[in-house]
Amino acid sequence: MSLLRLKIKRFQKERHPQQWLETFDVKIQKGMNLLEALLRIQDEQDGTLSFRYSCRGAVCGSCAMKVNGVLVLACRTPVGPLLGETALIEPLPHFPVIRDLIVDFSSFFEHYRKIKPYLHEKPSSSDRETLMREEDRKEIDPYIQCILCGICFGACPSYGREAQFLGPAILAKAYRFLRDPRERREKEILKSVNGHRGVWGCNTVFECVRVCPKKVPPTHAIIKMRWKILRLKLRFFNLLSKGEEIM
Ligand code: FES
């Protein structure tokens, strides 16, 4: 059994008005992940240590945090590579801290509600299921993988600067519905993402793509929506003839 040293950034309003760092040594076994190490600290050393988790299998997205400057899901982060030196554990950046490693996701879900993230189906005269072409399914597949963990928000300089920016996960989800051939709200979705708090607020630095634990590419979705908006505008002003494409 080895000893892992974690330095955890803590915050408990009733104990201290500021965040502080606290070091814990935790016994780890082969194959353990960071979430299990935190649970062991909570069980054996400090029952007040607070963090979110649910599925323990990289599905619910609730255990996102910062480890040695890298944004990760604790439940899929093996502790082996962290052995040998002190690992710094911090809450997800760009969100207000509620307690220890728990951050406030209210603004994330406020933004999420703005795009109405559910299918608004086109009316159909058929009583059969709507079949989807393989290429359409392939286009939306990467975006369906999003687990709303907020890691992309934590890495996004645009969201860090401007909390009203819709943010990578939300824009990726908007694209997921925009490209769904069953969805009827094309113009409405584009309207909701058009603006400096939407697709035009992105710095296109691809940080969200780099950090996503599910390999969702939000920047690609943002760029595609920008082109779509431009095409519609050019058509509106008759600068693009029917069938002509700019990209
Ligand atoms: S506990 Fe669900 S993603 Fe980690």
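Because the structure is a prediction, the values reported are computed rather than measured.

K.L.:
Let's hear about the packing of aromatic side chains: which residues, and what values?
P.N.:
Enumeration according to the criterion identifies 11 aromatic pairs in this entry. Their ring planes at 20° and their centres at 6.1 Å tell us that Phe95 and Phe153 sit as a pair that is stacked. Placement of Phe95 in the loop between β5 (87-90) and β6 (97-99) and of Phe153 in helix α4 (residues 151-155) is noted, with a sequence separation of 58 residues between them. There is no split in this pair, since Phe95 and Phe153 are both buried.

K.L.:
Got a sec to walk through the packing of helix α2 (residues 106-114) against helix α6 (residues 168-178)? Specific residues and values, please.
P.N.:
The contact between α2 and α6 brings their axes to 9 Å, and the two run at 20°. Judged by the angle between their axes, α2 and α6 are roughly parallel. Classified by chirality, the crossing of α6 by α2 is right-handed. Across the interface between the two elements, Phe108, His111 and Tyr112 from α2 touch Ala169, Ile170 and Lys173 from α6. Here the contact of α2 with α6 is built from residues that sort into 4 nonpolar, 1 polar and 1 charged.

K.L.:
Outline the pattern of salt bridges, listing residues and values.
P.N.:
Counted under the stated rule, the structure contains 19 salt bridges. Among the ionic pairs, Glu22 bridges to Arg10, the shortest N-O distance being 3.1 Å. Taken together, the positions of Glu22 in strand β2 (residues 20-28) and Arg10 in strand β1 (residues 2-10) put the pair 12 residues apart, joining distant regions of the chain. Its relative accessible area of 0% is what places Arg10 among the buried residues. For the salt bridge of Glu139 with Lys224, the shortest nitrogen-to-oxygen distance reads 2.7 Å.

K.L.:
Lay out the pairing of strand β3 (residues 64-67) in plain terms, naming residues and giving numbers.
P.N.:
Pairing between β3 and strand β4 (residues 70-73): 4 bridges, direction antiparallel. Counted as the bridge partner of Val67 is Val70 from β4. What sits between the antiparallel neighbours β3 and β4 is a turn of 2 residues, in which Asn68 has the positive phi angle 50°. As paired strands, β3 and β5 are joined by 2 bridges and run antiparallel to one another. Note on β5: the bridge partner recorded for Lys66 is Glu90.

K.L.:
Lay out the side chain of Glu183 with the relevant residues and their values.
P.N.:
You can see Glu183 is positioned in the loop between α6 and α7 (186-193). Within the structure, Glu183 has its side chain in polar contact with the backbone nitrogen of His120 (distance 3.0 Å). Within polar-contact distance, the side chain of Glu183 engages the side chain of Arg185 at 2.7 Å. Not counting residues within four places of it along the chain, the set of residues in contact with Glu183 comprises Tyr118, Leu119, His120, Lys122, Phe177 and Ile189.

K.L.:
Describe in detail helix α1 (residues 34-44), supporting the description with residues and values.
P.N.:
Residues of α1 that are buried: Leu34, Leu35, Ala37, Leu38, Leu39, Arg40 and Ile41. Looking at the packing, one finds that the buried side of α1 touches β1, β2, β3 and β5. Between the side-chain oxygen at the start of α1 and the backbone nitrogen of Leu35 there is a gap of 3.1 Å, and the oxygen is on Asn33.

K.L.:
Account for the nonpolar core, with residues named and values stated.
P.N.:
By size, the foremost hydrophobic cluster in this structure holds 71 residues, and its most contacted members are Leu6, Ile8, Leu34, Leu38, Met65, Ile89 and Met225. With 8 residues, the top contributor of residues to this core is α6. No fewer than three residues from each of domain 1 (2-103) and domain 2 (106-236) sit in this core.

K.L.:
Now, about unusual backbone geometry: what can you tell me, with residues and values included?
P.N.:
Glycine aside, a negative phi is what most residues show, and trans is what most peptide bonds show. Although it is not a glycine, Arg56 sits at a positive phi angle of roughly 60°. Topologically, Arg56 is positioned in the loop between α1 and β3. With relative accessibility at 48%, the residue Arg56 sits in the partly exposed group. Positive phi, normally seen in glycine, also occurs at Ala58, with a value near 60°. Looking at the secondary structure, you find Ala58 in the loop between α1 and β3.

About the cut-offs
Residues numbered from 1 in each chain as written. Predicted model: local features only at pLDDT ≥ 70, side-chain atom pairs only at ≥ 80, totals over all residues. Heavy atoms only, no water. Phe/Tyr/Trp six-rings, centres within 6.5 Å; stacked < 30°, edge-to-face > 60°. Helix = DSSP H or I, 4+ residues; strand = E, 2+ residues; numbered from the N terminus. Buried < 20%, exposed > 50% of the residue type's maximum accessible area, 1.4 Å probe, protein only. Axes fitted to C-alpha atoms, helices over the stretch in contact; angles between N-to-C directions. Parallel < 35°, antiparallel > 145°, perpendicular 65-115°, else oblique. Left-handed = near helix turned anticlockwise from the far one by under 90°. Contact = heavy atoms within 4.5 Å. Nonpolar A, V, L, I, M, F, W, Y, C, P; charged D, E, K, R; others polar. Salt bridge = Lys/Arg side-chain N within 4 Å of Asp/Glu carboxyl O. Pairing = 2+ DSSP bridges. Polar contact = N/O pair within 3.5 Å; in protein donor to acceptor, adjacent residues only side chain to side chain. Core = buried A, V, L, I, M, F, W, Y, C linked by side-chain atoms within 4.5 Å. Domains from an automatic or database assignment.

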